Amino acid sequence: MISRLASAIAGAALTALCAVPAQAKAPGESDPSALQTQTLRDLFFGEALFDAYQDNYFDAITGLDTELKQVRLLDDPELDPFSLHFGQAEFAVGDLELSYRMHREAGRAMEQVLNGNVPQPIKNEAAYRLAKIHYHKQQFANALHALELIQGRVPERVRSEEQFLRARVYMQLGRFEEAVILLKDLKGEKSLSGFVEYNLGIALLKAGETEKGVLELDGLGRNAGSGDAMSALQDKTNLLLGYQLMEAKEYERARTYFDRVQLSGPFSNQALLGAGWVEANAGRFDRALVPWQLLTQRQSTNAAVQEAMLAVPYAYGKLDVHSTAAVNYGQALDLFGDQVDVLTQSIRSIREGKLLEALRRKEASQVKNWVVELRKLPGAPETHYLLDLMASNDYQEFLRNYQDLNDLLERNKDWLQSLDAFEEIIALRRGYYEPILPGLDVQFRQVDARIKMRLEQRQHLAARIENLLVNRRPELLAKSDETESRLILQQIREILAYNPTLNSEETDARIRRLEGVLKFRLSREFDTRLTEAYKHLQELDTVIATLQETYQRYVRTRQAATHSYEGYTDQITSLRAGLNRAQDRIEQLMARQGRMLEQLAINELDQRRAQLESYQIKARFALADSYDRANELQEQRADQRKVEEYEQRMEQLKQAEPVANPDGEPLPTDNPPELDAQEPEAPAREAEAAGDE
């Protein structure tokens with residue numbers, strides 16, 4: 001058993017070594033740095049910025065896509081403040097799509113930037129983003145090719161991340177010496193503190209510089225920094241060193257690193273298990289029992305705890321305490337049996353769809369570590385067995401894809417409901433406006449006729465005033481009373497001409513005098529009245545402008561009223577059909593992603609169940625062996641006790657033997673029969689002697 005466990009530990013150490021470079025990510029890797037701006041000029045760009053920093057990448061992408069499309073349709077896009085962020089928004093869409101794991105779309109966007117007529121710094125940053133896409137897709141050669149497209153310096157804010165990415169690409173391609181050079185240059189970079197040292201240590205180990213790698217990791221294992229992430233990295237480093245040195249059979253050094261791991265950290269169980277095996281490999285089984293006994297008191301679903309359940313009786317067996325070993329093997333069998341039942345029930349629950357049902361609940365986006373907490377739901381699978389699987393990149397990708405698809409599905413449902421609400425609103429508007437508009441049209445035509453009449457009047461007056469400027473005719477500027485007086489004088493002259501008998505010199509003189517007075521007044525006030533007429537014409541322009549403004553306002557209002565319910569039917573029908581098609585597509589993708597999640601979980605649980613069943617078989621054999629050894633030992637002890645009792649009795653007999661006669665002949669051990677026959681008569685002789693006296 002010890003050889004198998006030792007090989008398992010060695011395998012775990014190798015797995016950790018291989019998995020480290022992929023799992024070690026720089027903090028803030030998914031930050032939407034492309035949206036950083038010194039001066040915000042547009043509100044909609046600011047809204048996208050806000051959504052991006054809230055990790056609502058979908059909202060940020062849709063907002064930017066909408067604004068970009070609208071700006072492209074404008075006749076004068078430079079008048080829109082969004083145009084000031086246009087180039088940055090185009091680049092940011094690709095960056096956000098990468099954060100949203102839309103690698104294909106992000107790759108196309110980055111390649112467009114690389115092939116476009118943009119400054120070299122932007123091309124360099126696009127090449128860096130494209131390299132990240134290929135790295136996440138595990139296309140390391142393509143990632144290196146994208147990095148080689150960088151010419152000159154990359155923007156300062158991504159320079160260190162670009163070098164760190166290049167170093168990790170080198171490590172994945174087996175070029176550890178070049179990775180070591182880059183990582184040494186990055187030491188001291190605050191934003192990558194801890195991650196650079198960890199990868200540098202791994203690269204040195206892979207490059208064959210074992211002592212330098214151990215020394216580098218030793219420094220990180222002593223003090224990685226403050227914070228939960230740094231503490232976890234420190235524990236992971238010490239655990240890695242412990243298993244690495246134990247594999248090299250340097251048990252004393254390995255024990256030091258296992259002892260550094262925190263007892264309450266996420267790697268404490270593996271550290272306790274490793275600490276026990278260090279002592280066991282060194283032949284100190286009594287010391288190995290200390291960490292293993294502590295480990296058996298922890299969560300029974302943990303693989304290290306289950307292995308410790310076998311390791312403890314193994315150590316007792318090595319200490320020849322077979323009865324205690326048998327008792328512990330019995331406890332282990334009980335635990336394994338219970339956990340096999342739990343795993344069987346969990347697999348059945350997953351196949352019934354309970355896992356996906358729990359992942360679709362609203363709590364999934366509201367409760368932290370919901371995937372772990374869902375085990376508390378009735379009928380839900382035991383997710384403690386899935387923790388290692390959930391920590392893997394592949395499972396996280398499938399899980400986030402499934403949750404994002406579920407989010408899209410819910411959004412589509414809301415949008416479909418919104419379309420129904422839009423149709424209801426449009427129907428209400430149609431019912432309100434259509435009865436009103438005919439009456440309003442009548443009023444509109446009246447206003448239109450009045451405007452036309454005023455315009456004709458204005459044109460007539462303007463023409464007359466312009467004519468007066470050329471041909472001076474004061475009578476055209478007479479007031480109504482003056483015009484009436486002039487007409488009366490004309491009638492008087494007509495009457496006198498028709499009846500000359502009524503005319504006289506005095507009458508004629510008086511008429512001429514009145515005509516002269518009237519003509520003199522009109523002539524004298526001609527300029528003043530012409531000026532006033534011009535002012536009145538300007539006042540008429542104001543009235544006409546007011547009428548025209550009323551006209552335009554009515555036209556806009558009527559158009560707005562009409563447009564509020566006309567022309568939406570085809571658009572809503574098209575959108576509904578598109579959403580329904582998208583809904584079908586999303587459901588297909590969800591089903592595919594869900595099957596992948598279920599299959600991964602079932603495979604993991606199957607492996608754990610097979611492992612427990614293997615443990616059960618080994619425990620049964622070991623239990624029987626312990627009973628045999630305990631019985632054999634008990635028999636040996638019983639025989640030994642009998643021998644000791646016999647020897648003790650013989651010793652007592654030897655001490656009770658009489659002294660040998662001087663002639664050297666052995667004395668008989670039994671009394672002669674005559675002596676035995678006289679013994680009952682002794683009391684009689686004593687009585688006779690007493691009677692003689």
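Because the structure is a prediction, the values reported are computed rather than measured. Residue positions within a chain follow its written sequence, with the count starting from 1. At least 70 in pLDDT is required for a residue's local features to be given in this predicted model, at least 80 for side-chain atom pairs to be given and counted, and no such filter applies to totals for whole chains, interfaces and linings, which use all residues. Side-chain metrics rest on all non-hydrogen atoms present in the structure, leaving aside hydrogens and water.

Enquirer: Looking at this structure, I do not really get the overall build of the chain. What am I missing?
Expert: Secondary structure elements follow DSSP: runs of H or I of four or more residues count as helices, runs of E of two or more count as strands, with numbering from the N terminus. Of regular secondary structure, the chain possesses 28 helices and 0 strands. Pairs at least 24 residues apart make up 64% of the contacts formed inside the chain by residues separated by at least 6 positions. Any pair of residues with heavy atoms lying within 4.5 Å of one another is described as a contacting pair.

Enquirer: I keep staring at the pattern of salt bridges and nothing clicks. Help me out?
Expert: Any two side chains of opposite charge can pair if their charged atoms end up close together. For this analysis, a salt bridge means a side-chain nitrogen from Lys or Arg found within 4 Å of a carboxyl oxygen belonging to Asp or Glu. According to the stated counting rule, one finds 37 salt bridges in the structure shown. In this structure, the salt-bridge partner of Lys-413 is Glu-410, at a minimum N-O distance of 3.9 Å. One end of the pair is Lys-413 and the other is Glu-410, both in helix 22 (residues 393-470) and 3 residues apart, which spans about a single turn. Take Glu-410: its relative accessible area is 35%, and that puts it in the partly exposed class. Overlapping salt bridges, with partners in common, bring together Glu-482, Arg-521, Arg-524, Glu-525 and Arg-529 in one network. Summary of the burial criterion: residues with accessible area below 20% of their type's maximum are buried, those above 50% are exposed, and those between are partly exposed, where the area comes from a 1.4 Å probe applied to protein chains only.

Enquirer: Teacher, can you tell me more about the nonpolar core here?
Expert: A general trend in soluble globular proteins is that nonpolar side chains are found buried together. The definition of a nonpolar core used throughout is a set of buried Ala, Val, Leu, Ile, Met, Phe, Trp, Tyr and Cys residues joined through side-chain atoms within 4.5 Å. Grouped together as the largest cluster of nonpolar side chains are 134 residues, with contacts concentrated most on Leu-64, Phe-258 and Trp-292. Ignoring sequence-local partners within four residues, the contact set of Trp-292 consists of Leu-272, Leu-273, Gly-276, Trp-277, Ala-280, Ala-308, Ala-311, Val-312 and Ala-315. Membership of the second largest hydrophobic core comes to 10 residues, among which are Ala-462, Leu-477, Leu-530 and Leu-540.

Enquirer: Teacher, can you tell me more about the side chain of Gln-234 here?
Expert: Relative to the helices and strands, Gln-234 resides in helix 12 (residues 228-247). For Gln-234, a relative accessible area of 17% corresponds to the buried category. Dropping the residues within four chain positions of it, Gln-234 is found in contact with Leu-220, Gly-221, Arg-222, Asn-223, Ala-224 and Gly-225.

Enquirer: What exactly am I supposed to notice about the side chain of Glu-604 here?
Expert: When you line up the elements, Glu-604 lands in helix 26 (residues 569-656). Among residues more than four places away in sequence, those in contact with Glu-604 are Tyr-385, Leu-386 and Leu-389.

Enquirer: I'm lost on the packing of aromatic side chains in this one. Help?
Expert: Any two aromatic rings considered together are summarised by their centre-to-centre distance and by the angle between their planes. Pairing of aromatic side chains requires ring centres within 6.5 Å, counting the rings of Phe and Tyr and the six-membered ring of Trp. Pairs whose planes differ by under 30 degrees are stacked, by over 60 edge-to-face, and all others tilted. Within the structure shown, the criterion is met by 11 aromatic pairs. When the centroid spacing of 5.0 Å and the interplanar angle of 25° are considered together, the rings of Phe-444 and Tyr-551 count as stacked. Taken together, the residues Phe-444 in helix 22 and Tyr-551 in helix 25 (residues 526-563) connect sequence positions 107 residues apart. When the ring of Phe-444 is compared with that of Tyr-554, the centres are 4.8 Å apart and the planes differ by 15°; the resulting orientation is stacked.

Enquirer: Where do I start with the environment of Thr-383 in this structure?
Expert: With respect to the helices and strands, Thr-383 occurs in the loop between helix 20 (370-373) and helix 21 (387-390). The exposure class assigned to Thr-383 is buried, which follows from its relative accessible area of 0%. Each C-alpha atom, one on Thr-383 and one on Leu-355, is 9.4 Å from the other, the two residues being 28 residues apart in sequence.

Enquirer: Explain the packing of helix 4 (residues 86-99) against helix 5 (residues 103-115) to me, please; I cannot follow it from the model alone.
Expert: A pair of packed helices is captured by two measures, namely the crossing angle of their axes and the spacing between those axes. Every axis corresponds to a line fitted to the C-alpha atoms, with the helix fit spanning only the stretch in contact, and the corresponding angles, defined between N-to-C directions, vary from 0 to 180 degrees. Direction vectors running N to C along helix 4 and helix 5 enclose 150°, while the axes themselves pass 8 Å from each other. Our classification of the angle between helix 4 and helix 5 gives roughly antiparallel. Pair helix 4 / helix 5 crosses with left-handed handedness. Of helix 5, the residues touching helix 4 (which contributes Phe-91, Gly-94, Asp-95, Glu-97 and Leu-98) are His-103, Glu-105, Ala-106, Ala-109, Met-110 and Val-113. Here the term charged refers only to Asp, Glu, Lys and Arg, the term nonpolar to Ala, Val, Leu, Ile, Met, Phe, Trp, Tyr, Cys and Pro, and the term polar to all other amino acids, Gly among them. Considering only residue class, the contact of helix 4 with helix 5 consists of 6 nonpolar, 2 polar and 3 charged. Any angle that falls under 35 degrees is termed roughly parallel, while one over 145 is termed roughly antiparallel, one within 65 to 115 roughly perpendicular, and all others oblique. With the far helix as reference, a near helix turned anticlockwise by less than a right angle produces a left-handed crossing, and one turned clockwise produces a right-handed crossing.

Enquirer: Can you help me understand a negative patch on the surface in this one?
Expert: Exposure above 30% relative accessible area and the lack of any salt bridge qualify a residue for a patch; like charges then connect within 9 Å, and the nonpolar side chains Val, Leu, Ile, Met, Phe, Trp and Tyr within 5 Å. Using a 1.4 Å probe, the Shrake-Rupley method yields the accessible areas, and only the shown protein chains count as cover for residues. By the counting scheme adopted, Arg and Lys are positive, Glu and Asp are negative, and His together with the chain ends is not counted. Taken as the charge centre is NZ of Lys, CZ of Arg, CG of Asp or CD of Glu, depending on the residue. Taken together, the side chains of Asp-628, Glu-632, Glu-635 and Asp-639 present a region of like negative charge at the surface. Mapped onto the fold, Asp-628 is located in helix 26. By relative accessible area, Asp-628 is classed as partly exposed at 49%.

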